[in-house]
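What the coordinates show
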2 protein chains.
Amino acid sequence: MVSADFVTNAAGRKVPVEVNGRTPPPFAGVGQHHPAGQKAAPSIRSCSDYPRRGDKRMPSLEAALEACGLRDGMTLSSHHHLRNGDRVALSALEAAAKLGTKDLLWFPSASFPCHAPVVDLMETGVVHHIEGSMNGPLGDYCSSGRMRGLGVLRSHGGRWQAIQDGEVPIDIAVIAAPSADFFGNANGCHGPTACGSLGFALADSIYAEKVIVVTDNLVPFPCLPWQIQGNHVDYVVEVDSIGDPSQIVSGTTQITRSPDRLLIADYVARFVKEAGIVRDGFSFQAGAGGIALAFVQFLAPMMREMGVTASFVRGGSTRYLVEMLREGLVGYILDGQTFDLAAVESIATDPRHVPTSPFTSYNYHGKGNFAGIVDFVVLGATEVDLNFNANVNTHSDGRLLHGIGGWQNCLDADCTILALPSMRDRIQVIVDEVTTLTGPGELIDVIVTERGIAIRPDRQDLLEAVRGKGLPLRSLEEIQHEVHALCGGPPRRPIFSDEAVAVIQWVDGTVIDTVWKVES
Amino acid sequence: MVSADFVTNAAGRKVPVEVNGRTPPPFAGVGQHHPAGQKAAPSIRSCSDYPRRGDKRMPSLEAALEACGLRDGMTLSSHHHLRNGDRVALSALEAAAKLGTKDLLWFPSASFPCHAPVVDLMETGVVHHIEGSMNGPLGDYCSSGRMRGLGVLRSHGGRWQAIQDGEVPIDIAVIAAPSADFFGNANGCHGPTACGSLGFALADSIYAEKVIVVTDNLVPFPCLPWQIQGNHVDYVVEVDSIGDPSQIVSGTTQITRSPDRLLIADYVARFVKEAGIVRDGFSFQAGAGGIALAFVQFLAPMMREMGVTASFVRGGSTRYLVEMLREGLVGYILDGQTFDLAAVESIATDPRHVPTSPFTSYNYHGKGNFAGIVDFVVLGATEVDLNFNANVNTHSDGRLLHGIGGWQNCLDADCTILALPSMRDRIQVIVDEVTTLTGPGELIDVIVTERGIAIRPDRQDLLEAVRGKGLPLRSLEEIQHEVHALCGGPPRRPIFSDEAVAVIQWVDGTVIDTVWKVES
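Residues numbered from 1 in each chain as written. Chains lettered and ligands numbered in written order. Predicted model: local features only at pLDDT ≥ 70, side-chain atom pairs only at ≥ 80, totals over all residues.

Let us now look at the pairing of strand β22 (residues 415-419) of chain A. Residues and elements named next belong to chain A. Across the five residues that make up β22, a large majority, five, are buried. On β22, burial covers both faces: Cys415, Ile417 and Ala419 on one face and Thr416 and Leu418 on the other are all buried. Sheet topology places strand β19 (residues 376-379) next to β22; four bridges connect them, and they run parallel. Within β22, the residue paired with phenylalanine 376 across the bridge is cysteine 415. The sheet contact formed by β22 and strand β26 (residues 446-449) spans three bridges and is parallel. Its bridge partner lying in β26, alanine 419 is registered against valine 448. (Buried ≥ 20, exposed ≤ 12 C-beta atoms within 10 Å, placed from the backbone. Helix = DSSP H or I, 4+ residues; strand = E, 2+ residues; numbered from the N terminus. Pairing = 2+ DSSP bridges.)

Structure (structure tokens):
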């Protein structure tokens, strides 16, 4: 749907010159893009234009959107801490539709299958296009080339960077809040739809021109902790329900039961021990995926045995990390999103379980961030290639099905480990060239599969540290050959159209790759 | 030292057109100045320019200032949470002197007698002038007309407004931190020089181009709570001592023993009870002055007797408020500064004792603030006039001796009560016209002296509420006449020079009054 000029970026990928009317620089290499200019600057407000006694309640989302001066073509943002249980973002877009608004840019931190009806809003012209992670049906819609603008995929840190740098000026932020007071102070810790942190909405609250907090749990002022500060908020709307608790947090997160994946988790644990990375005061990040959870279950007894504790753990929190916190195995959980009930309860009550935001953890256009302080991180990928480049966005058939999350940002850790099976449903994971480049290989140090551990040749320090320690060290090429043999040769490379449907931005706002239309 | 054109503002006061090269609008009336434009926008940074593993330590303040690119004419800011025990601000200015720097604008949130040596730095040209509260010797120096620029007095909220609105761009903020980690996360709660909140330094950390954190208590990452976020910080400097604990917080704050002042406090307590303002869920603010503390001591038993609790209390915290919090008489302390040891201990350990900043509490150029939500506030003043106008900056001889603090911001409370003796050391407090106008009478509802309680005639609601309740209600005129009679007539009005030495800014950045040179 978009015809465009293309350039080849520093990673050798063809990327569009223009993206939705902007001209983001092409990827220039890790650390090579040097931003200039000033941060975005919202309008100066005056207390004389706000209710004298602090009560900012409005009777409905429609009324609040009208009061915000909603107009065609505006950018409306939302956050995804309610995940697939969110009822607010769609309500806001539907309220905008009722008001007759057209051509909105919807700017969620991520979208989920529960937002599938936005496809209709795009078909009827209410929503022009989406910038943000599109998990599932919306990704499929984007892949089909029917969206009027390009999808723009950013990491959590990249979304903060884009807002902060003025790349995406937000007109109206709609913030679903599990608890809020009439002034707009809000948090995700308490209430019937508690989701833990609200960090993904923080940039929206600070930089958007207008901010609406939507809550189903209005509490007396002051709502504490004020993860979102009412001083950034224009209106507060009370609704019956902001979401479906059963889809917001899991009752409990699930560890993989696959023997292959448990083996991978075990390899990762043995690697970080033998490499000397697990030592007193170390730090790590591991997500909520099955392998990462299993890794944590191998790590904990190892730490007990070694008599070491971690200074902190970053990242999404689960009951496994909460148990380690309670036991004293980790000093702090610096939490970006809260995945299960045990974690929600912990963040609400334990001062060592600290909500963070993409600003503190991930923003590359700040004065440093936490990601670079982490000793090691355990991540996944849909594909890796022989240069350690990795893809987390598309499948090998080219379909855009996943967001970036914090994945790109986490690559700044001192040791980045990708833990992945060498095949998924007979699809080979180690390819000659990744379908989509999400992260450059120079930032990926170790790839762990059930067939062995591959260390980047230029991490001589790691290679030497683990030599002779009995780990199944192999080259990526060896593992790939083995898989080729099993599968009857290398995978056939699908042929893509030359029509761009989305771009992948790097942590510094440059364009690292293009997602191409998939003919269905 | 400054010759200038003057205009008469909406309060009828003569104010300079130009202030230190800027042209702030003259006071236009309460709520009448409507700001335009965008907030200040600091430069976009990149992680690629900061230490990859987060360690921002520098060996000395001099080295850090050099790394910040310190140049002549820059603006260097500091905060005053260490009060008269601060050793950091002067060290920073002296380091700048050693580096040969000239003509700095020093922009402290307040200065104290411990900063008296800055007079020498002004005499030798290192510091050009001071904008910020000048308590004691620096106020005297300013009053004498020897400072090269105009003093600019702002409220705590007004200082946030000035930074946020870009009125005062800070080149380098030097933040004394009782606890910090190598990344720059910092707080005032912990460590040998703990001072409680660091809220006065928050705007500096967010908006300054360069930020140096100076600490005598380096803790392992992550330093929690991060009242100052390391993501805003450029350098961290470790020193032996940032201040003298005995001058930072009192061992214990002192209630007045003066019978007159105790009577005033009792009148205030009776007034808020009889006016129906003390009721279940009410809120209040009372400072750390002798009368305010005594008022709190009268309030607590009254609340117990009435069986009511306060939803929150704002303002500087003392052991008296902490006791009320622990007893459950107040739900939360929303704390701007922490005055004694009991309060420091409480803010470090009790999640209901919450550090706030001038942004949340006082900034008039935000989307509301907490000050307007407070039910009543008990404040002091050096002078009031018959129109309820008040002065907190100068004495009746014209000398500039006090900052504004949060005083102007607090006037937004639903009921503003000034509690003051009718005479101080034979100086009459109720005058025909205030020497300096700090706050307009239309925002001051009640003036309580030992000779009676005066309610503004247009607060008919208050007048009716307390009628017939046995309170000593009088007009300001009556009280003034009584004091005239005791003192042998009205005070002689000193004659001031027509040379401006400082201006008083209103909460919206307009100039409400001028401080004139005092001939000594």
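Next comes the rest of the account.
Next up on the list: the interface of chain B and chain A. Put simply, an interface is often sized by how much accessible area is lost when its parts join up. The interface is formed by 50 residues belonging to chain B together with 50 residues belonging to chain A. When residues of the side of chain B that touches chain A are traced back to their parent elements, those giving at least two are β16 (310-314) and α12 (358-361) of chain B. Counted by class, the side of chain B that touches chain A contains 21 nonpolar, 20 polar and nine charged residues. (Contact = placed C-beta atoms within 7 Å. Nonpolar A, V, L, I, M, F, W, Y, C, P; charged D, E, K, R; others polar.)

Let's shift gears to the nonpolar core. Counting 349 residues, the largest nonpolar core has Ile175, Val268 and Phe295 of chain A together with Ile175, Val268 and Phe295 of chain B as its most contacted members. The two domains that each donate at least three residues to this core are domain 1 (59-131 + 168-248) and domain 2 (259-496) of chain A. If we ignore the near neighbours within four places in the chain, the residues touching valine 268 of chain A are Phe295, Val378, Ile417, Ala419 and Val448 of chain A. (Core = buried A, V, L, I, M, F, W, Y, C linked by C-beta atoms within 7 Å. Domains from an automatic or database assignment.)

What follows covers helix α15 (residues 476-487) of chain A. Residue and element names in this part refer to chain A. A rise of 1.5 Å per residue sets the reference length of α15, with its 12 residues, at 16 Å; its end C-alpha atoms lie 16 Å apart and thus fit the reference within 8%. At its buried positions, α15 is contacted by β25 (430-431), β26 and β27 (452-455). After α15 finishes, the residue glycine 488 shows a positive phi value of roughly 75°. (Expected span 1.5 Å × (residues − 1).)

Turning to the sheet that holds strand β7 (residues 127-130) of chain B, a few remarks are in order. Residue and element names in this part refer to chain B. A sheet is described by the order of its strands in space; here seven strands give the open sequence β3-β14-β13-β10-β4-β5-β7, paired in parallel fashion. Among the strands making up the open sheet, the edge pair consists of β3 (57-58) and β7. Note that strand β13 (residues 210-215) and strand β14 (residues 235-238) share four bridges and pair parallel. Residue pairing across strands places valine 214 opposite valine 237, the latter belonging to β14. Sheet strands in contact with helix α2 (residues 88-98) are β4 (75-78), β5 (104-108), β7, β10 (172-177) and β13, and its direction is about 160° off that of β4. (Axes fitted to C-alpha atoms, helices over the stretch in contact; angles between N-to-C directions.)

Further remarks concern the relation of the copies chain B and chain A. Least-squares fitting of chain B to chain A yields an RMSD of 0.0 Å, with the transformation described by 0.0 Å of translation along the axis and a rotation of 180°. Such a turn and shift between the copies fits a two-fold axis. For chain B, the smallest separation between a C-alpha atom and the rotation axis is recorded for alanine 41 of chain B, amounting to 2.7 Å. Comparing interface residues between copies, 100% of those in chain B also sit at the interface in chain A, which points to an isologous, same-surface contact. (Least-squares fit on C-alpha atoms with pLDDT ≥ 70 in both.)

Sheet strands pair by backbone hydrogen bonding; their relative direction is either parallel or antiparallel. All names here are of chain A. Pairing within the open sheet is parallel, and its seven strands lie in the order β3-β14-β13-β10-β4-β5-β7. With partners counted over all chains shown, the strands left at the sheet margins are β3 (57-58) and β7 (127-130), one partner each. Here strand β4 (residues 75-78) runs beside strand β5 (residues 104-108); their pairing, made up of four bridges, is parallel. When the bridges of β5 are listed, leucine 76 appears paired with tryptophan 106. Here helix α2 (residues 88-98) sits on the sheet and contacts β4, β5, β7, β10 (172-177) and β13 (210-215); the angle it forms with β4, its principal contact strand, is near 160°.

For the rest of this paragraph, the subject is the pairing of strand β14 (residues 235-238) of chain A. Residues in a regular strand project their side chains so that they alternate between the two faces of the sheet. Bridge count for β3 of chain A against β14 of chain A is two bridges, and the pairing is parallel. Opposite methionine 58 of chain A, over in β14 of chain A, you have valine 237 of chain A as the bridge partner.

Residues and elements named next belong to chain A. Summarising burial for helix α11 (residues 341-349): seven of the nine residues are buried, a large majority. Listing the buried residues of α11 in full gives Leu341, Ala342, Ala343, Val344, Ser346, Ile347 and Ala348. Buried-residue contacts for α11 involve β16 (310-317), α10 (319-327), β17 (330-338) and β18 (353-355).

All names here are of chain A. Entries for chain A in the domain assignment read domain 1 (59-131 + 168-248) and domain 2 (259-496). Contact with domain 1, which involves 13 residues of that partner, is made by 14 residues of domain 2. A class-by-class count of the residues in the side of domain 1 that touches domain 2 yields seven nonpolar, six polar and no charged.

A separate point is the packing of helix α8 (residues 259-274) of chain A against helix α9 (residues 290-306) of chain A. Residue and element names in this part refer to chain A. Running from N to C, α8 and α9 point in directions that differ by 45°, and their axes come no closer than 8 Å. When the interaxial angle is binned, α8 and α9 end up oblique. Pair α8 / α9 crosses with right-handed handedness. Here α8 contributes Arg261, Leu262, Ile264, Ala265, Asp266, Val268, Ala269 and Lys273 to the contact with α9, which in turn contributes Gly290, Ile291, Ala294, Phe295, Phe298, Leu299 and Met302. (Parallel < 35°, antiparallel > 145°, perpendicular 65-115°, else oblique. Left-handed = near helix turned anticlockwise from the far one by under 90°.)

All names here are of chain B. In contact at an axis separation of 10 Å, helix α9 (residues 290-306) and helix α10 (residues 319-327) are set at 20° when each is read in the N-to-C sense. With respect to α10, the element α9 is oriented roughly parallel. For the element pair α9 and α10, the recorded crossing hand is left-handed. Across the interface between the two elements, Leu293, Val296, Gln297 and Ala300 of α9 pack against Tyr320, Leu321 and Met324 of α10.

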